[in-house]
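Inside the fold
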Amino acid sequence: MHPLRHPRNAIVVGVLFVVIAVVYWFLPSFGSGHVDFAGMTMLAALGIAMGVMAYVLIAGSPRE
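Residues numbered from 1 in each chain as written. Predicted model: local features only at pLDDT ≥ 70, side-chain atom pairs only at ≥ 80, totals over all residues. Heavy atoms only, no water.

The subject of this paragraph is the packing of aromatic side chains. Taken as a whole and judged by the stated rule, the model has two aromatic pairs. Geometrically, the ring pair formed by Trp25 and Phe26 is tilted, given 6.4 Å between the ring centres and 50° between the ring planes. Ring geometry for Phe26 against Phe30: centres 5.7 Å apart, planes inclined by 15°, an arrangement best described as stacked. Highlighted residues: Phe26 and Phe30, both in helix α1 (residues 11-30), separated by four residues, approximately one helical turn. Given the relative accessible area of 43%, Phe26 is considered partly exposed. We classify Phe30 as exposed; its relative accessible area is 68%. (Phe/Tyr/Trp six-rings, centres within 6.5 Å; stacked < 30°, edge-to-face > 60°. Helix = DSSP H or I, 4+ residues; strand = E, 2+ residues; numbered from the N terminus. Buried < 20%, exposed > 50% of the residue type's maximum accessible area, 1.4 Å probe, protein only.)

Okay, here's the thing in structure tokens:
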């Protein structure tokens, strides 16, 4: 059995980190605090990398 019916659903893993990066940017901006752009950028990059990695791992898994 394939871990996911559609490997394109693996993008959800990456989108989670991108959403966290947006929240990480929005909350300090809304509350007139200090925005850490380095942390926000790294979370967005981590989201993209995790989405690609999850897709590659799931697409390459055997379909039993």
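Read on for the rest.
Right, let's get into helix α2 (residues 37-59). With 23 residues, α2 ought to run about 33 Å at 1.5 Å a step, and its terminal C-alpha atoms sit 33 Å apart, in line with that. Residues of α2 that are buried: Gly39, Met40, Leu43, Gly47, Gly51, Ala54 and Ile58. On the buried face of α2, the contacting elements are α1. (Expected span 1.5 Å × (residues − 1). Contact = heavy atoms within 4.5 Å.)

The subject of this paragraph is the environment of Gly39. Relative to the elements of secondary structure, Gly39 occurs in helix α2. Along the primary structure Gly39 and Tyr24 are separated by 15 residues, whereas in three dimensions their C-alpha atoms are 8.2 Å apart.

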